[in-house]
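What the coordinates show
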Amino acid sequence: QQQVKQSPQSLIVQKGGISIINCAYENTAFDYFPWYQQFPGKGPALLIAIRPDVSEKKEGRFTISFNKSAKQFSLHIMDSQPGDSATYFCAASGQGAQKLVFGQGTRLTINP
Amino acid sequence: DTGVSQDPRHKITKRGQNVTFRCDPISEHNRLYWYRQTLGQGPEFLTYFQNEAQLEKSRLLSDRFSAERPKGSFSTLEIQRTEQGDSAMYLCASSLTTGGAFFGQGTRLTVV
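Just so you know, these numbers come straight off a predicted model, no measurement behind them.

Summed over the entire model, instances satisfying the criterion amount to 2 disulfides over all chains. Linked covalently through their sulfurs, Cys23(A) and Cys90(A) form a disulfide whose S-S length is 1.8 Å. Judged by the torsion about the S-S bond (-90°), the Cys23(A)/Cys90(A) disulfide is left-handed. In this pair, Cys23(A) is assigned in strand E3 (residues 19–25) and Cys90(A) in strand E9 (residues 86–94), connecting sequence segments 67 residues apart. Side by side, Cys23(A) and Cys90(A) carry an identical accessibility label, which is buried. Disulfide pairing is shown between Cys23(B) and Cys92(B); the S-S distance is 1.9 Å.

Here we come to the sheet that holds strand E6 (residues 56–59) of chain A. Residue and element names in this part refer to chain A. Spatially, the 5 strands line up as an open sheet ordered E1-E3-E8-E7-E6, and their pairing is antiparallel. Whereas interior strands pair on both sides, the edge strands pair on one side only; in this sheet they are strand E1 (4–7) and E6. Neighbour-to-neighbour, the strand axes of this sheet turn through a mean angle of 15°, independent of strand direction. Where E3 and strand E8 (residues 72–77) come together, 6 bridges link them in antiparallel fashion.

Moving on: the sheet that holds strand E7 (residues 65–68) of chain B. The strands that make up a sheet are held in pairs by hydrogen bonds between backbone atoms, and each pair lies either parallel or antiparallel. Residue and element names in this part refer to chain B. Strand order in this open sheet of 4 strands is E1-E3-E8-E7, and the pairing throughout is antiparallel. The sheet is open, and its two edges are formed by strand E1 (5–7) and E7, each paired on a single side. Strand-to-strand twist across the sheet, computed as the mean angle between neighbouring axes with direction ignored, equals 15°. In terms of strand pairing, strand E3 (residues 19–24) meets strand E8 (residues 75–79) through 5 bridges, oriented antiparallel. Bridge pairing links Cys-23 to Ser-75 in E8.

Definitions and limits used
- Residues numbered from 1 in each chain as written.
- Chains lettered and ligands numbered in written order.
- Predicted model: local features only at pLDDT ≥ 70, side-chain atom pairs only at ≥ 80, totals over all residues.
- Heavy atoms only, no water.
- Disulfide = S-S within 2.5 Å.
- Helix = DSSP H or I, 4+ residues; strand = E, 2+ residues; numbered from the N terminus.
- Buried < 20%, exposed > 50% of the residue type's maximum accessible area, 1.4 Å probe, protein only.
- Pairing = 2+ DSSP bridges.
- Axes fitted to C-alpha atoms, helices over the stretch in contact; angles between N-to-C directions.

Listed below in structure tokens is the structure:
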């Protein structure tokens, strides 16, 4: 029940295209859903996050879509650029502790 | 403040030796977390502090692992009698009571 399942494992997108990464969770106590970007040898960097009271949040080229009834959320990267090539992790946490449970990661490659 | 700082960035140690890592959080953040990340996986929660109190420890944190956060500022993570299975990236993150967690660059441990 603590798991967050992420797909796909890897994704190749052409420059200028839309990258879409999906996550699903089981624990209905989760109420905070961030996305992290990680480059090789670096720590994860917080990209964007959403809480269940909204269905969508947009920051620049990054959008989170959230479906509470389906217990799913996704990251959309618009106008994908080669610099977006990285590993992306979804995560979730419940009230209080903010301990994050991470998905398995998606390795995104943007071809120029 | 430039963010979460971890030291050292890399550590190579012989099996059976003790190692200690340090984390300096973002100064106004009262919560501090330790995670472990192995190659190709998402970070896994180890433990967290609110101020100086250690509030939760994962089952992943065996008796050989100990963490401290004296005076609610920096934190140390010690691994005693290291084993090859301890080889991983050890990540520290900090946050306010509400809000996103910000990660450091990590300490990569190699046990030979």
